[in-house]
Amino acid sequence: MAIQIAPSILSADFANLERDILEVADADWLHVDVMDGHFVPNMTLGLPVVERIAQVSPLPIDAHLMIDDPDRWAPRYAEAGAASVTFHLEAARDPRAIAADLHSLGKRASCAIKPGTPVEDVLPLIDTLDMVLVMTVEPGFGGQSFMADMVPKLTTLRAAAEAAGRDLRLQTDGGIARATIGTVVEAGCDVVVAGSAIYGAPDRAGEIAALRELAEAVHHHA
Ligand code: DX5
Ligand code: ZN
């Protein structure tokens, strides 16, 4: 499976969002961080904004829901146009039901775990998920430092998915840049989120290409 790059618009210019979205059209997904000020101590944007972003984005939307009550809201983000919806395990009452709801809408279902959540908590769910997101920072803000001690979670998940014969995507989010992308891809990550690394670069397309090249170099040796 080829590596996929998902630029996070959390680090884009929210007053020029369409322009900044078009600048990353060479990537694979548009990562949209939804925060509610309750599940995480920050707020970003909600359903009406995601709906408009989905209309103008050349890339499919990868919605990362850092919100309470994903059982209620995850399907709404799928209906708003997200092709993949990631909910947090820590906030979910019935993760299997959320995944089933997303699948019945024809969308991809993904579950995220925060740094303090053991990987064992998500392992029983991989038969029903299309992707697992391993957070490599505490969710809430862009531009934080990569937590290298999260990497073994990727190794465990990749081994479990292979043992189960599951075509499971593994996503990493937080502190990914040229210096860290190789580590996560080597451990089995194949969908890489990068916010400040891409939007902080003067040439966004060039940064996506550079990250992709570094990731593919490691991936083909793995
Ligand atoms: C943080 C968000 C990330 C954020 C990553 O809670 O989920 O998607 O944009 O930002 P960087 O890549 O700057 O760490
Ligand atoms: Zn995110």
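Here the structure is a predicted model, which means the values were calculated and not measured.

**Observations regarding empty space enclosed by the protein**
Okay, so step 1: Under the definition given, this model contains one cavity of 30 Å³ or more.
Okay, so step 2: A volume near 40 Å³ is recorded for the largest cavity.
Okay, so step 3: Taken together, Gln4, Trp29, Asp62, Ser84, Arg108, Met131, Arg169, Gln171 and Val191 form the lining of the largest cavity.

**Quick look at the pattern of salt bridges**
Okay, so step 1: In this structure the tally under the stated criterion is 11 salt bridges.
Okay, so step 2: With a closest N to O distance of 2.9 Å, Asp127 and Arg96 form a salt bridge. Taken together, the positions of Asp127 in the loop between strand S5 (108-113) and strand S6 (131-135) and Arg96 in helix H4 (residues 95-104) put the pair 31 residues apart, joining distant regions of the chain.
Okay, so step 3: Exposure remark for Arg96: the relative accessible area of 38% places this residue in the partly exposed category.
Okay, so step 4: The salt bridge involving Asp190 is made with Arg158; its shortest N-O contact spans 3.3 Å. Separated by 32 residues along the polypeptide, Asp190 in the loop between helix H6 (181-186) and strand S8 (191-194) and Arg158 in helix H5 (residues 151-163) bring together distant segments of the chain.
Okay, so step 5: Since its relative accessible area comes to 2%, Asp190 is described here as buried.

Cut-offs used in this document
- Residues numbered from 1 in each chain as written.
- Chains lettered and ligands numbered in written order.
- Predicted model: local features only at pLDDT ≥ 70, side-chain atom pairs only at ≥ 80, totals over all residues.
- Heavy atoms only, no water.
- 1 Å grid on protein atoms, 1.4 Å probe; cavity = no way out; pocket = protein on both sides within 12 Å on 5 of 7 lines; lining within 4 Å.
- Points joined across faces, edges and corners; volume = space filled by probe spheres on them.
- Salt bridge = Lys/Arg side-chain N within 4 Å of Asp/Glu carboxyl O.
- Helix = DSSP H or I, 4+ residues; strand = E, 2+ residues; numbered from the N terminus.
- Buried < 20%, exposed > 50% of the residue type's maximum accessible area, 1.4 Å probe, protein only.

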